[in-house]
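Examining the three-dimensional arrangement
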Amino acid sequence: MITAAEYGNTSWELSVQVDQRDGDESMRFKLRVKGDLHIGGLMLKLVEKIKAPQDWSDHALWWTQRNCWLLKTHWTLDKYGIQADADLHYTPQHKPLFIQLPNMKTIKLTASYSNMVFKTVADICRALNIRRPEELSLLKPPEDPSKKKKKKEKNQLDDILDLDVLSGGPGGTGSPMYSRTMTATYDPENGMPVSATSLWFGDNSLTTSQPNLPPAELAKMYQPLSLVDKTVINAGWLDSSRSLMEQDIQEDDRLLLRFKYHFFFDLNPKYDGVRITQLYEQARWSILLEEIDCTEEEMLMFASLQYHICKLTLSTEPLDHSNEPEIDEVEAALSNLEVTLEGGNTDRMLEDITDIPELADALRLFRPKRLTLRPYKEYWFVFKDTTISYYKNKEASSGEPLEQFHLRGCEVVPDVNVTDKKFGIKLLLPVADGMNEVYIRCDNETQYAKWKAACILASKGKTMAYSSYRSEVKNIQSFLQMKSLAPPPGQAAPNLDAMEMNAECFVSPRYAKKHKTKQLTARILEAHQNIARLSLMEAKMRFIQAWQSLPEFGIKYYIVRFRGSKKDEILGISYNRLIRIDMSTGLPVTTWRFANMKQWNVNWEIRQVAIEFDQNVSIAFSCVSCDCKVVHEYIGGYIFLSTRSKDQNETLDEQLFHKLTGGQE
């Protein structure tokens, strides 16, 4: 039998606070433990001491000082390094969370605070019936010092959709957020959710577009955003490799669910009703709040699509989610194979890669850095492989060109005004000390679509023999058609009284101030005539495609300091490239494409990201406006998304995602 003194040497007292779920007061217990006691044994001792008949299976231990969960129940206290001064909480792993969706509506649900955010987002998306959850993440809302807005939020609690109530109780009672048996089921006729699934999202605000806000409400939300302001917004993305609790997210906190990676894979109207609607809403708000720049003509095109979508949403007729004919995927593949074997023509581009198409046209050229009295001058242009050559005239094209532009890695920016018949392409060509600007002017829409599509492919290192060239040309042509404000031939002028909604709802507040309401209504109705026959789902898809066509689409901005530089600069991150931007002018200095990236790593001690590209190009920078983990995760995330395939049975490779984005801190 050991003495009391010996007992004191081998064991010690540990204090644990027990948090209750339903607003009950927390309790603190003191337990006598030894260092070789494992975490599972500690929780068993604690539950025996509490003597409360309830399900404790969702509870786990949280270590406040180390800011971590003690989830490895076989580890001992000694292995974790837990001593008598440790502040432990026995708390539920699933807690209520308020989430603002892309459509600005807020939902309340029970989410896992102990899983990595990547897994938590996947669970949330499963509950909302959003496929491809890897494209979304959670964003901390920018801090707003004004107290008035916080009071306003409390008054809006009545407008919150509580998913726990809809699904028959909180999801955190010891199980995952929603039972694994409650996966979404679909109607085979129209692909829409049926049975129990409809309880959560069948006919509610998740699949239906929200009506546009009155101009006065929109004006309150609108704030002119500089590049620096955009860096503040983008700094708030949560770390996908850590849990909510580890990032100081508390019970009942509010987060924003947004499409983080602008690389939308396999958008299918048959299965993606919620996903497409929420994507449309995120695009719509980015246009209305001018988070992305667009021209006056583009603003009117987006306004006409919003008006059309609002009109169809409010109509009493049943919504046609897709008027595409039903095509069996297996039959389509077999048909294509049959035509190929028989040597017939298919819609695909040239299979013979040795026969690469060329473009040759008389176009006009402008070089801003060269002093000239005549800005645009006509030359004979030839586009071959990924290079543009220009000659004095067509007869001279058999000789040496005046100059060649190598387009691999360049930026292609539209310089278009359909109303004024202006079809220009701005090329930013990478050179050793930055980017050279070149403007090329085309004569008509057809010429512009062919040359711009060729430039876009060449910037990615692809030629016109690539299978996507034809579809790229068609997309550009349909985009130009939507931008045209002239009514179709034989169409009467629009009746201004036909618009029952305020036209100012569909444009940004800054743009609404420039025009009188009557003038704005007329221009939106004129633009609407070009898209009046689109179904609801087609209109949303067109809006998303037009959004993707904007030059600034998908670029997230961060303030960085490049190695060897004495001033801060802006780094833009897109789905396929990094852009170095001058902070004072907002103009790109140089571009690096992910396709040319050999490797990247982070020096966690000095918090510096280093990247190596082809041709012995290497860059390194430290992040000023955010933690370098945010930028590192963006780069790794886009590399991960580029590995996806269309195999419907494919499960998400979560391990690969964390390998590419997690880093070793």
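Our subject in this report is the structure included herewith.

Reading the values: the criteria
Residues numbered from 1 in each chain as written. Predicted model: local features only at pLDDT ≥ 70, side-chain atom pairs only at ≥ 80, totals over all residues. Heavy atoms only, no water. Helix = DSSP H or I, 4+ residues; strand = E, 2+ residues; numbered from the N terminus. Buried < 20%, exposed > 50% of the residue type's maximum accessible area, 1.4 Å probe, protein only. Areas by Shrake-Rupley, 256 points an atom, 1.4 Å probe, with all protein chains shown as cover. Pairing = 2+ DSSP bridges. Expected span 1.5 Å × (residues − 1). Contact = heavy atoms within 4.5 Å. Core = buried A, V, L, I, M, F, W, Y, C linked by side-chain atoms within 4.5 Å. Disulfide = S-S within 2.5 Å. Axes fitted to C-alpha atoms, helices over the stretch in contact; angles between N-to-C directions. Salt bridge = Lys/Arg side-chain N within 4 Å of Asp/Glu carboxyl O.

1. Considering the overall build of the chain
If you tally the helices and strands in the chain, you get 19 helices and 24 strands. In the chain, buried positions account for 48% of the 665 residues. Accessible surface computed for the chain: about 33,900 Å², of which carbon and sulfur atoms make up 50%.

2. Description of the pairing of strand β19 (residues 569-573)
Most of β19 sits out of view: five of its five residues are buried. Neither face of β19 is open: one carries Glu-569, Leu-571 and Ile-573, the other Ile-570 and Gly-572, and all of them are buried. Pairing geometry for strand β18 (residues 556-562) and β19, over five bridges, is antiparallel. Among the inter-strand pairings, Tyr-558 is bridged to a residue of β19, identified as Leu-571. Counting the residues between successive antiparallel strands, the hairpin from β18 to β19 contains six residues, one of them, Gly-564, with a positive phi of roughly 90°. The pairing of β19 with strand β20 (residues 577-581) spans four bridges and is classified as antiparallel. By the bridge assignment, Ile-573 is partnered in β20 with Leu-578. Here β19 hands over to β20 after three residues, the two strands then running antiparallel side by side.

3. Quick notes on helix α14 (residues 469-483)
Over its 15 residues, α14 extends 21 Å from the first C-alpha to the last, a length consistent with the 21 Å expected when each residue adds 1.5 Å. Taken residue by residue, α14 has Tyr-469, Glu-472, Val-473, Ile-476, Ser-478, Phe-479, Leu-480, Met-482 and Lys-483 as its buried positions. Packing partners of the buried residues in α14 comprise α11 (296-314), β11 (359-366), β15 (411-417), α13 (445-459) and α17 (536-548).

4. Side note on the nonpolar core
Core analysis: the largest hydrophobic core is formed by 67 residues, its most contacted members being Ile-99, Leu-128, Leu-138, Leu-244, Leu-257 and Trp-547. No other element matches α11, which puts nine residues into this core. Leu-359, Phe-383, Ile-388 and Val-416 belong to the second-largest nonpolar core, a separate cluster that totals 35 residues.

5. Some remarks on the state of the cysteines
The final tally for this structure, using the stated rule, is zero disulfides. Unpaired in terms of disulfides, Cys-310 finds its nearest cysteine sulfur in Cys-505, a separation of 8.0 Å. For Cys-623, which is in no disulfide, the shortest distance to another cysteine sulfur is to Cys-626 and amounts to 4.6 Å. The exposure class assigned to Cys-623 is buried, which follows from its relative accessible area of 16%.

6. Some points on the sheet that holds strand β9 (residues 161-162)
Ordered by their spatial adjacency, five strands build an open sheet running β8-β10-β6-β7-β9, and the pairing between neighbours is mixed. Only two strands of the sheet have a single neighbouring strand rather than two, namely β8 (136-139) and β9. Along the sheet face, helix α4 (residues 117-128) touches β6 (94-100), β7 (106-112), β8 and β10 (254-259) and points at about 110° away from the line of β8.

7. Structural notes on the pattern of salt bridges
Tallied over the full model, the rule gives 27 salt bridges. Among the ionic pairs, Arg-275 bridges to Glu-135, the shortest N-O distance being 3.0 Å. Residue Arg-275 is found in helix α10 (residues 273-288), and its partner Glu-135 is found in the loop between α4 and β8; the two are separated by 140 residues along the sequence. Glu-135 matches Arg-275 in its accessibility class, with the two residues each being buried. Linking Glu-296 and Arg-523 is a salt bridge whose minimum nitrogen-to-oxygen distance equals 3.1 Å. Taken together, the residues span a long stretch of sequence, with Glu-296 in helix α11 and Arg-523 in helix α16 (residues 517-528) at a distance of 227 residues.

8. Structural notes on the sheet that holds strand β3 (residues 59-63)
With respect to topology, five strands assemble into an open sheet ordered β2-β1-β5-β3-β4, the strand pairing being mixed. At either margin of the open sheet sits one strand with a lone partner, and together these are β2 (27-33) and β4 (68-70). Taking the axes of each pair of neighbouring strands and ignoring which way they run, one obtains an average angle of 35° across the sheet. Bridging between strand β1 (residues 12-18) and β2 involves seven bridges; their strand directions are antiparallel. Looking at the pairing, Trp-12 lines up with Val-33 of β2. Across the sheet, helix α2 (residues 39-50) touches β1, β2, β3, β4 and β5 (88-92), and the angle it forms with β2 is around 125°.

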